[in-house]
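Fold and geometry: a report
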Amino acid sequence: MGINLMAGVQTVAPAMGRTVLASIRKKKEDTELPTDDPGYRETLGLMRQLLAFCALSTVDNIQPITNAWIPHPPSVLINSIDIPPSFYPEAARHIQQNFGPKRLNEIGKVWWQWRKPGSVVRAEWVEMKADYLSRQSSHNPGNKVMFYIHGGAYFLGGIGHRPQIQRHARKLKGRVFAPRYRLAPQFPFPCAVQDVLSAYLYLLTIQKPETIVFGGDSAGGGLCVALLLILRDEGLPLPAGASLISPWVDLTHSFPSITIPTELDYVPSHGFHAKPSLSWPPPNAEEMKALNWPIHPGAEPDIELEIDGENVIPKEQFQMYAQNSHLVCPLISGVLAPSLGGLCPLQVIVGGAEVLRDEQIYLAHKAADPEAYPPSDEILLRNNNTMEDVGKYPPTDVQLLVFDNCPHAAPTLGHTTGAKYQYRSVAQFAAWALSRAQRKNIDLQDDASTHSFTGEYSCSEEREEIGKAGDPLPAFKEHMIRQRVDRFGYLFPLRPASELRACLVPKESIGFPKAEAMKGWLDYRRKEDLKFARRREKVFQQRLRDTQIGFERFPDGEIPPPSALAGRRVIGRRIETEKPRGKVGRGIYTIFFGKFDQDITHTQSENSGPPWKEDRRRTVIYEARNPGA
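Calculation notes
- Residues numbered from 1 in each chain as written.
- Predicted model: local features only at pLDDT ≥ 70, side-chain atom pairs only at ≥ 80, totals over all residues.
- Heavy atoms only, no water.
- Core = buried A, V, L, I, M, F, W, Y, C linked by side-chain atoms within 4.5 Å.
- Buried < 20%, exposed > 50% of the residue type's maximum accessible area, 1.4 Å probe, protein only.
- Contact = heavy atoms within 4.5 Å.
- Helix = DSSP H or I, 4+ residues; strand = E, 2+ residues; numbered from the N terminus.
- Pairing = 2+ DSSP bridges.
- Axes fitted to C-alpha atoms, helices over the stretch in contact; angles between N-to-C directions.
- Expected span 1.5 Å × (residues − 1).
- pLDDT = per-residue confidence, 0-100.
- Salt bridge = Lys/Arg side-chain N within 4 Å of Asp/Glu carboxyl O.
- Phe/Tyr/Trp six-rings, centres within 6.5 Å; stacked < 30°, edge-to-face > 60°.
- Lys NZ or Arg CZ within 6 Å of the ring centre and 35° of its normal.

**Section: the nonpolar core**
- If you look at the biggest cluster of nonpolar residues, it comprises 125 residues, and the most contacted ones within it are Ile83, Phe147, Phe177, Phe189, Phe214 and Tyr321.
- Among all residues touching Phe189, those that are not within four sequence positions of it are Phe99, Ile107, Trp111, Tyr321, Ala322, Cys329, Leu331 and Ile332.
- Membership of the second largest hydrophobic core comes to 34 residues, among which are Met146, Ala240, Ile349 and Val485.

**Thoughts on the environment of Leu544**
- Tracing the sequence through the fold places Leu544 in helix H15 (residues 533-549).
- Sequence separation between Leu544 and Asn292 is 252 residues, and the spatial gap between their C-alpha atoms is 9.2 Å.

**Details of the sheet that holds strand E1 (residues 76-82)**
- Read across the open sheet, the ten strands follow the order E1-E2-E4-E3-E5-E6-E9-E10-E11-E12; overall the sheet is mixed. Pairing within the sheet leaves two strands with one partner each, and these edge strands are E1 and strand E12 (491-493). Averaged over neighbouring strand pairs, the angle between their axes works out to 20 degrees when direction is ignored.
- Where strand E11 (residues 480-485) and E12 come together, three bridges link them in antiparallel fashion. When the sheet's bridge partners are listed, Arg484 is paired in E12 with Phe492.
- Along the sheet, helix H5 (residues 129-137) makes contact with E1, strand E2 (122-128) and strand E4 (175-179), crossing E2 at roughly 80 degrees.
- Contacting strand E3 (145-149), strand E5 (212-217), strand E6 (241-245), strand E9 (346-351) and strand E10 (398-403), helix H13 (residues 417-438) crosses the sheet at an angle of about 165 degrees to E6.

**Some points on helix H8 (residues 219-234)**
- For H8, with 16 residues, the first-to-last C-alpha span of 22 Å sits near the 22 Å given by 1.5 Å per residue.
- Burial analysis of H8 places 14 of its 16 residues in the buried class, the great majority of the element.

**Some details on helix H6 (residues 162-172)**
- For H6, the buried fraction is high: nine of the eleven residues fall into the buried class.
- Buried within H6 are the following residues: Arg162, Gln164, Ile165, Gln166, Arg167, His168, Ala169, Lys171 and Leu172.
- Taken from the residues just after H6, Lys173 is the one with a positive phi, measuring 55 degrees.

**Here's the deal with the confidence of the model for the chain**
- In this model, the chain carries a mean pLDDT of 84, and residues with pLDDT of at least 70 account for 81%.
- Taken as a whole, residues 5-9 scores under 50 in pLDDT and shows four contacts with residues more than four places along the chain or in a different chain.
- In the predicted structure, residues 583-629 sits below a pLDDT of 50 and forms 91 contacts with residues beyond four places in sequence or in another chain.

**Brief notes about the pattern of salt bridges**
- The final tally for this structure, using the stated rule, is 19 salt bridges.
- For the salt bridge of Glu106 with Lys102, the shortest nitrogen-to-oxygen distance reads 3.0 Å. Placement of both Glu106 and Lys102 in helix H4 (residues 87-107) is noted, with a separation of four residues, approximately one turn of the helix.
- Lys102 gets classed as partly exposed once you look at its relative accessible area, which sits at 34%.
- Note that Asp523 and Lys519 form a salt bridge whose closest N and O atoms lie 3.2 Å from each other. Taken together, the residues Asp523 and Lys519, both in helix H14 (residues 515-531) and four residues apart, mark about one turn of the helix.
- With a relative accessible area of 30%, Asp523 lands in the partly exposed category.

**Description of the pairing of E9**
- Counting buried positions along E9 yields six of six residues, so the element is predominantly enclosed.
- Pairing between E6 and E9: four bridges, direction parallel. Bridging across to E9, Ala242 finds its partner in Leu346.
- Bridging between E9 and E10 involves six bridges; their strand directions are parallel. Following the sheet pairing, Gly351 is matched in E10 by Phe403.

**Notes on unusual backbone geometry**
- A cis amide bond links Phe189 to the next residue, Pro190, at an omega of 10 degrees.
- Locating Pro190 in the fold gives a position in the loop between E4 and helix H7 (191-203).
- Look at the link from Trp280 to Pro281: it is a cis peptide, with omega at -5 degrees.
- Within the secondary structure, Pro281 sits in the loop between E6 and helix H9 (285-291).
- The phi dihedral of Tyr154 is positive, around 70 degrees, even though this residue is not glycine.
- Note on placement: Tyr154 falls in the loop between E3 and H6.

**Quick notes on the packing of aromatic side chains**
- Summed over the entire model, instances satisfying the criterion amount to 21 aromatic pairs.
- Between Trp114 and Phe187 the ring centres are 6.1 Å apart and the planes differ by 15 degrees, which places this aromatic pair in the stacked class. Of the two residues, Trp114 is situated in the loop between H4 and E2 and Phe187 in the loop between E4 and H7; the sequence distance between them amounts to 73 residues.
- Its relative accessible area of 16% is what places Trp114 among the buried residues.
- An aromatic cluster is built from Phe99, Trp112, Tyr154, Phe155, Phe189, Trp248, Phe272 and Tyr321, whose rings are joined through pairwise contacts.
- Stacked on the ring of Tyr88, the Lys or Arg Arg115 has its end atom at 4.2 Å from the ring centre.
- Positioned above the aromatic ring of Tyr393, the side-chain terminus of Arg232 is 4.0 Å from the ring centre.

Okay, structure coming up:
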């Protein structure tokens, strides 16, 4: 891993240096486009180089780097906890009930609950130390918690999200609870869903739901949608609101924007790839037959589409998170849910130049008007739904913000103007949602463009001005606030749905990959196969040797996806135990900054009951050191 880390540093260090210098000498004069700003331009280039480096490395080498520990400023308090394992089967039960018999037969019941030895769901409490001390001095137990799920295309860890999470905590003047989840492709869907649901069920034992808001970017936004659907369908407490930042909610790539070239985004239109290894890519259909690997009998046939006038059935799995036939599941692609009604208030933040913008705009309108955006009859049938499910829930209140010329998940580019206004907007929506749920005042960080919310504020209050990003929310009209944000943070009305490309996509084409998108993915994959032909052959031969030894199996003949580590456990071969990372770095850091953290411990009383159930155990919220973290 050390060689690969050094190679990564050598690859991206020049771009990082240029980014820092460009930010320091940022131009003072106004510019027409974000790319006219040298800092912004260099940051986009850096992100592209990072993703290009990922494609030249194996996921097994990249993931430890993206899960590594990094130091935090002394002004920030971070404490890691382990989610008690008793919550895992509870989360699994809710997921199984949500699947129903047909989907459960296709995906499986048990394999996704398997974990590496020593593996637990870990989470971090993040809070500014000044805010913590203020809470303690006023005996405030904390009524502002953001449950934040990091992005990373489901296969990258959250190392780059640590600064983002700290900034959300600072803006909200509250705490952020950030769970980690098992990563694809070794742990594909629904492993991540089980982990974040376990973390939320735990959080409900120490926080009332009206004190919680969800937040998530990219894949994390998609996981937020999956979590909300399960909570709604299972009758579990919903949070006060949810901010979805550039959510990835259509893994079938069926919307037009995925194929429209743009110079203002860093997400590769050809998808995500990696150097061949036992983890990724999995064997294709022909290799599965050659290896004599079993295929789940309940799996649906793979997708079929027309490319250059020919009918093509892709032999390869093209998303690391799930098999091709599973991508239409609403817990994977939220836009394909029969209804997005009946959820907590949503904020959907869209980058106006990102390649995923169409699916995000569609998601917002579908939530606010479920019956106007039903899935096609074929998608309803494949998901075992009917038209009755489309009208089952009332509309959801949605604030849709489209930021001009912003890329995917702009807060990732933290020093840019677009990121600044998105942070402000998230904090203001969270304050509105918490105030609405708690019927009390909610204060935010002092900021010229943000304000505190009073419990007297009502959604029905009329406001005529447009204002700036971060201003208090205006009235919802037909369950929506539809706004466009320019590069200076000023708000303008968004064009009506009848003029938005995303809202005009025929329902019959949603959930079926666009030929152009698949062609780009397949073309890139062919080039990669030629480049790594010798390595692919070595991987195949290793798989053949492992097959001859045999794999451990699950009860009732359950067959995991071919990329899942659960199905690749060779008989008699020990699985490496999951180890905590960053011990040396933590030790050095603690010498200088650890004393303050050691003195901060906050526990819930032994006899105090949880907010919504009465049979939970004593829970430590803040603890100086957790041996298993």
